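# Structural features, examined
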Amino acid sequence: MCSYLDGTVNLYMRPEEGVTVAVDLDEMRIVGFVDRVTVPVPKPNGTDYSGLQKRVGPALKRIGLVQPDGPSFAVDGHMIRWANWEFHLSFDVRAGPIISLSLIYDAEQQEFRQVMYRGFISELFVPYMDLTEEWYYRTFFDAGEYGFGLYAVQLEPLRDCPENAAFMDAYIAGQDRKPIKMSNVFRVFERYAGDIRWHHTELGIPGKVIREVRPEVNLVVRMVSTVGNYDYIVDWEFKQSGSIKATVGLTGLLEVRGSNYTHNDQIADEEYGVLLAENTLSAPHDHFLIFHLDLDIDSDSNSFVKFVFRQTPVTDRRSPRKSYWSVVSETAKTKSDTKIKLGSEQVELLVVNPGKKTKVGNRVGYRLIPGSITQPLLSDDDYAQIRRAFTKYNVWVTPYNTSEKWAGGLYTDQSNGEDTLATWTQRNRAMENKDIVLWYTLGFPHAPYQEDFPLMLTLSSGFELRPANFFESNPVLRVIPPGVVEWPNCSIPSVI
Ligand SMILES: [Cu+2]
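The model shown is predicted, which means the values in this text are computed figures rather than measured ones. (Residues numbered from 1 in each chain as written. Predicted model: local features only at pLDDT ≥ 70, side-chain atom pairs only at ≥ 80, totals over all residues. Heavy atoms only, no water.)

## So, the sheet that holds strand E22 (residues 363-370)
Taken in spatial order, the 10 strands of this open sheet run E9-E10-E11-E12-E13-E25-E22-E21-E18-E19, and their pairing is antiparallel. Each edge of the sheet is formed by a strand with only one pairing partner; in this case those strands are strand E9 (166-173) and strand E19 (323-331). Between one strand axis and the next, the sheet turns by 25° as a mean value, whatever way the strands run. Bridge count for strand E18 (residues 303-313) against E19 is 9 bridges, and the pairing is antiparallel. Bridge assignment links Phe307 to a residue of E19, and that residue is Ser329. (Pairing = 2+ DSSP bridges. Helix = DSSP H or I, 4+ residues; strand = E, 2+ residues; numbered from the N terminus. Axes fitted to C-alpha atoms, helices over the stretch in contact; angles between N-to-C directions.)

Below, the structure written as structure tokens:
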């Protein structure tokens, strides 16, 4: 595919629609050429996002995050220790960051406890909804076809991260089998954004006010992968409360198609996409990311439990109320029980340790709080959907199998959908009180808007793994909060 660079650095906004060249990369030779240009190349006006552009509007004053005593975390090889957490961070050319062997210190039981054996992005899938000759096949697997880790970019101090970040390098194997160093692909930092961990102001006691509040300070591991036009910001965040949160931010450049249209009124009904600027059409598309989450809650003998929130009508005279809801627990026995489409009923999804209970008798566990519950809109027989069948459900649960890592198949490139999470789960394997893996599909259906031109603002979503009867009580009630850094001036000026 060809782009015209004249007048801009934003090559994705100046496609030469209809020009395709086939190149033999072994021979480094052009072996085919198609030129069926029928539409103009979009103009360069307004497409440049580089730092050379004139900046407008009032400037904000200096801002920063200061830790005069240094960070509270330590990096020992690939082990990271912070507050009550300890985990291993590794780099994979296909998945990017892999979090493993995560343990949390339980102050009451005075021991480290297992939480997540391994968690990583198993696959990404980005199909475009444009059936024209140069577009119908654009159904990208960013991990299996490209390498989500391979396209990790070097993060810049003070720009991609706050001042208190530490950096880590990674190594990949080169084509000549020699190691290649990728500098500064991870950054690890403590995040404080003025948020509240917990708060209560008690006004109900005569003669006194109790006011207690604790600030939210978390540890973040970040990687940014730029796969062609798109940039994905991946944050794994650890909270002292026991939560592990993953957030993915989408930003970068849209793929657009050249067009004759200069105004929305000219667009025929059957056209694919939205007019972002003159001669610039952008097709709707999806970004699906599936996470492999191998939780080991206090051991690798776990079960998957669904809490269903059910409405019960009140038909007798016991209360003036006409209905209430209660929570019903369902444990998955086989794999067929555990393909879940969220949205139709109110549920909470947990991984529990059936062999371990709290003092009052609840099974210890963790729950998944999903940030998106997107459904795929392609038909089951669409080739794109067959290959990415893992998007059909929001959550899957499988018994651990060492070969089942890549939800789109081990050999994703030119795959036909025979080796995917969807095919593995047809075997109805037992999965109660076993080592189980939770798969969560994070979906971003992306209908473009003009503010995505010439560069898309970060759009984020993710999920949280949160303790659910894992601790005996609030685990951060007595945690020592960070000290205060003296702030020179807290007054608000009336004139800026
Ligand atoms: Cu998008």
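## Concerning the pattern of salt bridges
Evaluation of the coordinates by the stated rule reveals 29 salt bridges. Across the pair Lys43 and Glu278 runs a salt bridge, and its minimum N-O distance is 3.6 Å. Residue Lys43 is found in the loop between strand E2 (29-35) and strand E3 (73-76), and its partner Glu278 is found in the loop between strand E15 (274-277) and strand E16 (280-282); the two are separated by 235 residues along the sequence. Glu278 sits in the partly exposed class, given a relative accessible area of 46%. With its nearest N and O atoms 3.7 Å apart, the salt bridge here joins Arg81 to Asp76. Connected via shared salt-bridge partners are Asp106, Arg113, Asp298 and Lys356. (Salt bridge = Lys/Arg side-chain N within 4 Å of Asp/Glu carboxyl O. Buried < 20%, exposed > 50% of the residue type's maximum accessible area, 1.4 Å probe, protein only.)

## Overview of the domain arrangement of the protein
The domain boundaries assigned to the protein delineate domain 1 (1-45) and domain 2 (70-302 + 335-342 + 354-468). Spacing between the C-alpha centres of domain 1 and domain 2 amounts to 32 Å. With 15 residues of domain 1 at the contact, the number on the domain 2 side is 20 residues. Carbon and sulfur atoms supply 56% of the area that domain 1 and domain 2 bury against each other, a total of about 1,500 Å² over both sides. When the buried surface of domain 1 facing domain 2 is broken down by residue, Tyr12, Met13 and Glu17 rank first, second and third, together holding 38% of it. The interface formed by domain 1 and domain 2 includes 2 salt bridges. (Domains from an automatic or database assignment. Contact = heavy atoms within 4.5 Å. Buried area = accessible area lost by both parts, 1.4 Å probe.)

## So, the sheet that holds E15
Reading across from one edge, E14-E16-E15 is the order of the 3 strands in this open sheet, with antiparallel pairing throughout. Single-partner strands in this sheet number two, and they are strand E14 (257-258) and E15. When E15 meets E16, the two strands line up antiparallel, connected through 3 bridges. Residue pairing across strands places Ala277 opposite Thr280, the latter belonging to E16.

## Description of unusual backbone geometry
A cis geometry characterises the amide bond from Phe453 onward to Pro454, with omega recorded as 0°. Relative to the helices and strands, Pro454 is located in the loop between strand E24 (436-446) and strand E25 (456-468). Backbone geometry at Ala83 places phi at a positive 50°, although glycine is not the residue there. Along the chain, Ala83 falls in the loop between strand E4 (79-82) and strand E5 (85-92). Under the relative-accessibility criterion, Ala83 is labelled partly exposed at 49%.

## Thoughts on the coordination of the copper ion
For the copper ion, the full set of protein donor atoms is Tyr230 (OH), His285 (NE2), His287 (NE2) and His446 (ND1), and the range of their distances to it is 2.0 Å. Bound by 4 donor atoms, the copper ion shows angles of 91 to 137° at the metal and therefore irregular coordination geometry. Ordering the donors of the copper ion by residue number gives the pattern Y-x54-H-x1-H-x158-H. The exposure classification of His285 matches that of His287, with both residues buried. (Donors = N, O, S within 2.8 Å, 3.2 Å for Na, K, Ca; no water. Tetrahedral: all angles 85-135°; square planar, octahedral: opposite > 155°, others 65-115°.)

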